[in-house]
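Descriptive structure summary
Read off the chains here:
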Amino acid sequence: MLLLPGAPDGQGTAVTRALSTASVICQVEPVGRWYEAFIKRRNRNISASFQELEDKKELSEESEDEELQLEEFPMLKTLDPKDWKNQDHYAVLGLGHLRYRATQKQIKAAHKAMVLKHHPDKRKAAGEPIAEGENDYFTCITKAYEMLSDPAKRRAFNSIDPTFDNSVPSKNEAKDNFFEVFSPVFERNSRWSNQKNVPKFGDMHSSFEDVDAFYSFWYNFDSWREFSYLDEEEKEKAECRDERRWIEKQNRAARAQRKKEEMNRIRTLVDNAYSCDPRIKKFKEEEKAKKEAEKKAKVEAKRKEQEAKERQRQAELEAARLVKEKEEEEVRQQALLAKKEKEIQKKAIKKERQKLRTSCKNWNYFSDSEAECVKMMEEIEKLCDRLELTSLQCLNDILASTTKEEGKAAVEKQIEAINEQIRKEKEEAEARIRQASKSTEKSAGGGGSSGKNWSEDDLQLLIKAVNLFPAGTNSRWEVIANYMNLHSSSGIKRTAKDVISKAKSLQKLDPHQKDDINKKAFDKFKKEHGVVPHSDSAAPSERFEDFIPWTTEEQKLLEQALKTYPVNTPERWEKIASTVPGRSKKDCMKRYKVVYIYAYINSVIDKFYSKLNYITVICLVKMKSHYKDRSFMIKITLTHNRLWGMVAL
């Protein structure tokens, strides 16, 4: 709630009329010049202080009107009233020095002064000759006032102001004095802008933001300049509506063309200024230097980061190397200890074995028969290979503390245990072989009925046919299938596909499995043909009869162990034997020799094949060059067949 101020000193207040106790709502309509000023300020979005400035400006304009000095146009009396459109209206009214800056009051005052001086009645009273009608030059004054007093017509005339310089400086003109050349050009063209606050051109010390704002303004320049004053036809003079429309269409096209040329002129001006502006060049160089500095800083930071990563990586590698060396040293120490222990154990086992052999030898191997002594000697060797150190020590203790009969019983008991163990291992190996054979046949046969009916006779016949018709035979597998169908006793017809599948399954078998099949075939052959083996006094050793064939899994483990432990590895064969379950060091060494010899033979056969193919090619070339000599061709063919026969054998 606002309170009224108190009365000044020497004055008092008094109530002249009693106030009513109740408030009364009244409809009040705002009026008066102050309310009109408020509405103007609100519509124009200006403050009261701005309105005061405009009032002061109007007062200053009134004072200028009082002091207005007109410039007499010397060619006024020579103007043609009919060509009034091409005259300079500001010069006619004596406002050539003010032009577009002249106010309406100044235009009105100038017209009044010109009328008082050049009115026909005034001149007639002074005795000057006057032209009749509109042929007097006073008509030009009237037309000038009509054009300048109307804001739309005055805007159209200002757009084509004959004194305005439309020229655009070239790039060569502004090489040395850029600011002196372009600054006045932009200043005089800024009068066409619809926006009042036009950015300043600036100088060499202007900031990047000011220069960027200046060129952004001029590249998006919004001009109010229009060219309706230059219309060749006036639609008011048209006789009908269609003619008026045609005139409007022609005028719009001409105005649009002139507007386009005007915008191209402004754009050319801005482009020339931008390309010659030394500030833009300076800003580009600064930007380039900034980017180069940022790039160098980024490269330097990246280099430092990489160096830090490399140092960290080297530190990690060094730490890993130290840890690895420590672990290797520990492993080496453990290996040395294990080697020493193994050497001790090996010496102890060797000692116990020698002790066992000596004890048995002293007792003549517990028999008086030479054959039994040989057999017992083999069994003793088997015990030496199979028994561990503790078992050997126990057996030697028994032999040392008992009689011959008790020692023989203890030795025979150990032999029975070892033979039983060998038998079980052999049965397990045969079971694994049968299982592998069944799975191979199942995968090769593809579940067909013919894959399940291969008897031993058919397998032997297949092996015989494969050897009989080697690789290189025309339609080899069809020939083998026909051969089997012709000689097979099972009566099952085999196709080439069945024969190929079975042959592939046989190739996947272990070499010892193939040996078993061949052995069975030989036994069957002896049985059928009644072959009596030659009697020999020296019976084969049971040690070789107890040989356990190598399975595919054991072969793979042996090959992997050979790769893991190279030649220079200490105690190599002991480590290899430890990786193959159920195999001793001696078994692994024998198997390695067999595989090595087998690989060597294969390499020799491959070389022989390559040489044979080379000989075949040479023969074919010779045959081509001597195709007329029939006897030579027959010789080459026979030689080729003999060579392939040797390969088959």
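Before any of the text, the structure's been laid out above.
Described in the following lines is the structure provided in the data block.

There is a patch of nonpolar side chains on the surface, built from Y592, Y596, I597 and I601 and spanning about 400 Å² of accessible area. Structurally, the position occupied by Y596 is in helix α22 (residues 585-625). According to the relative accessible area criterion, Y596 is exposed, its value standing at 53%.

On to helix α20 (residues 552-564), then. Here α20 contains 13 residues, and its C-alpha end-to-end distance of 18 Å stays within 8% of the 18 Å for a straight helix at 1.5 Å per residue. For α20, the complete set of buried residues consists of E554, Q555, L558, A561 and L562. Buried residues of α20, viewed axially, fall in a sector of 125°; they line one side. Turned more than 90 degrees off the buried face of α20, the exposed positions are E553, K556 and K563.

Once that is clear, we can look at the packing of α20 against helix α21 (residues 572-579). In helix packing, the relevant descriptors are the interaxial angle and the interaxial distance, both defined with respect to the helix axes. Two elements in contact, α20 and α21, have axes separated by 9 Å at closest approach and are oriented at 145°. Where α20 crosses over α21, the two elements pack in a sense that is right-handed. When α20 is examined against α21, the residues L557, L558, A561 and L562 are found in contact with a partner set consisting of R572, W573, I576 and T579. Residues of the contact of α20 with α21, tallied by class, amount to six nonpolar, one polar and one charged.

Moving on: the packing of helix α8 (residues 178-189) against helix α10 (residues 241-276). Where α8 meets α10, the closest approach of the two axes is 11 Å, and the angle between their N-to-C directions is 155°. Comparing their axes, α10 and α8 come out roughly antiparallel. Considering how the two elements wind past one another, α8 and α10 form a crossing that is left-handed. Residues F178, F182, V185, F186 and N189 of α8 pack against R265, I266, L269, V270, N272, A273 and C276 of α10. For the contact of α8 with α10, the class distribution of residues is nine nonpolar, two polar and one charged.

Here the focus is the pattern of salt bridges. If you walk through the whole model with that rule in mind, you get 27 salt bridges. A salt bridge links D161 to R191; its shortest N-O distance comes to 3.9 Å. Residue D161 is found in the loop between α7 (151-159) and α8, and its partner R191 is found in the loop between α8 and α9 (208-219); the two are separated by 30 residues along the sequence. Comparing D161 with R191, the two get one shared label, buried. Here R321 makes a salt bridge to E325, at a shortest N to O gap of 2.4 Å. Here R321 and its partner E325 are both found in helix α11 (residues 278-362), four residues apart, which amounts to about one turn of the helix. With a relative accessible area of 35%, R321 lands in the partly exposed category.

Before going further, it helps to spend a moment on the nonpolar core. Within the largest apolar cluster, 24 residues are counted, with the highest numbers of intra-cluster contacts made by F178, F182, F186, F201, Y215 and W218. For this core, the secondary-structure elements that each account for two or more residues are α8, α9, α10 and α11. Among the elements that make up this core, the one with the highest residue count is α8 (six residues). Among all residues touching F182, those that are not within four sequence positions of it are P169, S170, A174, F201, L269, N272 and A273. In this structure, L93, A110, A156 and I160 belong to the second largest nonpolar core, which totals 22 residues.

With that out of the way, let us pick up α9. It helps to recall that an α-helix has 3.6 residues per turn; residues three or four apart then point in one direction. Over its 12 residues, α9 extends 16 Å from the first C-alpha to the last, a length consistent with the 16 Å expected when each residue adds 1.5 Å. Along α9, the residues that are buried comprise V211, F214, Y215, F217 and W218. Buried residues of α9, seen end-on, are gathered within an arc of 155° and therefore sit on one face of the element.

Reading guide: rules and limits
Residues numbered from 1 in each chain as written. Predicted model: local features only at pLDDT ≥ 70, side-chain atom pairs only at ≥ 80, totals over all residues. Heavy atoms only, no water. Patch = residues over 30% accessible without salt bridge, like charges linked within 9 Å, V, L, I, M, F, W, Y side chains within 5 Å. Areas by Shrake-Rupley, 256 points an atom, 1.4 Å probe, with all protein chains shown as cover. Salt bridge = Lys/Arg side-chain N within 4 Å of Asp/Glu carboxyl O. Helix = DSSP H or I, 4+ residues; strand = E, 2+ residues; numbered from the N terminus. Buried < 20%, exposed > 50% of the residue type's maximum accessible area, 1.4 Å probe, protein only. Expected span 1.5 Å × (residues − 1). Arc of directions from axis to C-beta. Axes fitted to C-alpha atoms, helices over the stretch in contact; angles between N-to-C directions. Left-handed = near helix turned anticlockwise from the far one by under 90°. Contact = heavy atoms within 4.5 Å. Nonpolar A, V, L, I, M, F, W, Y, C, P; charged D, E, K, R; others polar. Parallel < 35°, antiparallel > 145°, perpendicular 65-115°, else oblique. Core = buried A, V, L, I, M, F, W, Y, C linked by side-chain atoms within 4.5 Å.

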